[in-house]
Amino acid sequence: QVQLVESGGGLVQAGESLRLSCAASGSFFMINAMGWYRQAPGQQRELVAGISRDGSTNYADSVKGRFTISRDNAKNAVYLQMNSLKVEDTAVYYCNADVRPSRFNVGSRDYWGQGTQVTVSS
């Protein structure tokens, strides 16, 4: 149906930057909201940033001013630019998409990528 593939994770030092990418493929009508979540060891999965189809964004307080989410609807892609990374940003980052399956069904389904590891060292 729908596959989300993330890329761009890695190991960096505090203060450096990473850019995460996620592309959706498969069979669907359109993607509504997209977002990035993260889960650190021993922690619950949390929303890092979300973006609506028209470009409205929201961020977790912990990343405001440092991270920027964007999307390219033509490519069915979402990105997360992460600047001034901190050790506490270390987590597995997951791409999420709220997908409308067809033009005849307004009900949407939630899809997740496989996750990409971001590790920030001091």
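Just above sits the structure.
Q: What exactly am I supposed to notice about the overall build of the chain here?
A: Tallying secondary structure elements over the chain gives 0 helices and 11 strands in all. Its helices and strands in sequence order give the chain the pattern β-β-β-β-β-β-β-β-β-β-β, from N to C terminus. Here the C-alpha atoms of the chain give a radius of gyration of 14 Å, agreeing with the 14 Å that 2.2 N^0.38 yields for 122 residues. Taken over the C-alpha atoms alone, the chain extends approximately 50 × 25 × 25 Å along its principal axes. When the 122 residues of the chain are sorted by exposure, 38% land in the buried category. Considering only residue pairs separated by 6 or more positions, the chain has 55% of its internal contacts joining residues 24 or more positions apart. Of the roughly 6,400 Å² that the chain leaves accessible, carbon and sulfur atoms contribute 47%. Once the 12 positive and 10 negative side-chain charges of the chain are each reduced to a mean point, those two points are 7 Å apart.

Q: I'm lost on the side chain of Arg71 in this one. Help?
A: Looking at the element boundaries, Arg71 is found in strand β7 (residues 67-72). A polar side-chain atom of Arg71 sits 2.7 Å from the main-chain carbonyl oxygen of Asn32. Here the side chain of Arg71 touches Asn73 through a polar contact of 2.7 Å, side chain to side chain. Setting aside its immediate chain neighbours within four residues, Arg71 contacts Ile31, Asn32, Ala33, Met34, Ile51, Ser52, Arg53, Ala77, Val78 and Tyr79.

Q: Sorry, what's going on with the environment of Ile69 here?
A: Here Ile69 lies in strand β7. Owing to a relative accessible area of 5%, Ile69 belongs among the buried residues under this scheme. Every residue in contact with Ile69, bar those within four places of it in the chain, is listed here: Met34, Gly35, Trp36, Ala49, Gly50, Ile51, Thr57, Tyr59, Val78, Tyr79 and Leu80.

Q: Would you mind going over unusual backbone geometry with me for this structure?
A: Positive phi values are uncommon outside glycine, yet Asn76 reaches one of about 50°. Here Asn76 lies in the loop between β7 and β8 (77-82). The exposure class assigned to Asn76 is partly exposed, which follows from its relative accessible area of 25%. One non-glycine residue, Ser84, lies in positive phi territory at about 50°. Residue position: Ser84 is located in the loop between β8 and β9 (91-100).

Q: Looking at this model, I keep getting lost on the state of the cysteines. Mind explaining?
A: By definition, a disulfide links the sulfur atoms of two cysteine residues through a covalent bond. Scanning the entire structure with this criterion turns up 1 disulfide. Across the disulfide from Cys22 sits Cys95; the S-S distance is 2.1 Å. What sets the handedness of the Cys22 and Cys95 disulfide is the S-S torsion sign, and at about -80° it is left-handed. Here Cys22, found in strand β3 (residues 18-26), pairs with Cys95, found in strand β9; they are 73 residues apart in sequence, far enough to count as distant. The same class applies to Cys22 and to Cys95, which are both buried.

Cut-offs used in this document
- Residues numbered from 1 in each chain as written.
- Predicted model: local features only at pLDDT ≥ 70, side-chain atom pairs only at ≥ 80, totals over all residues.
- Heavy atoms only, no water.
- Helix = DSSP H or I, 4+ residues; strand = E, 2+ residues; numbered from the N terminus.
- Rg over C-alpha atoms; globule rule 2.2 N^0.38 Å.
- Buried < 20%, exposed > 50% of the residue type's maximum accessible area, 1.4 Å probe, protein only.
- Contact = heavy atoms within 4.5 Å.
- Areas by Shrake-Rupley, 256 points an atom, 1.4 Å probe, with all protein chains shown as cover.
- Lys, Arg positive; Asp, Glu negative; His and termini not counted.
- Charge placed at Lys NZ, Arg CZ, Asp CG, Glu CD.
- Polar contact = N/O pair within 3.5 Å; in protein donor to acceptor, adjacent residues only side chain to side chain.
- Disulfide = S-S within 2.5 Å.

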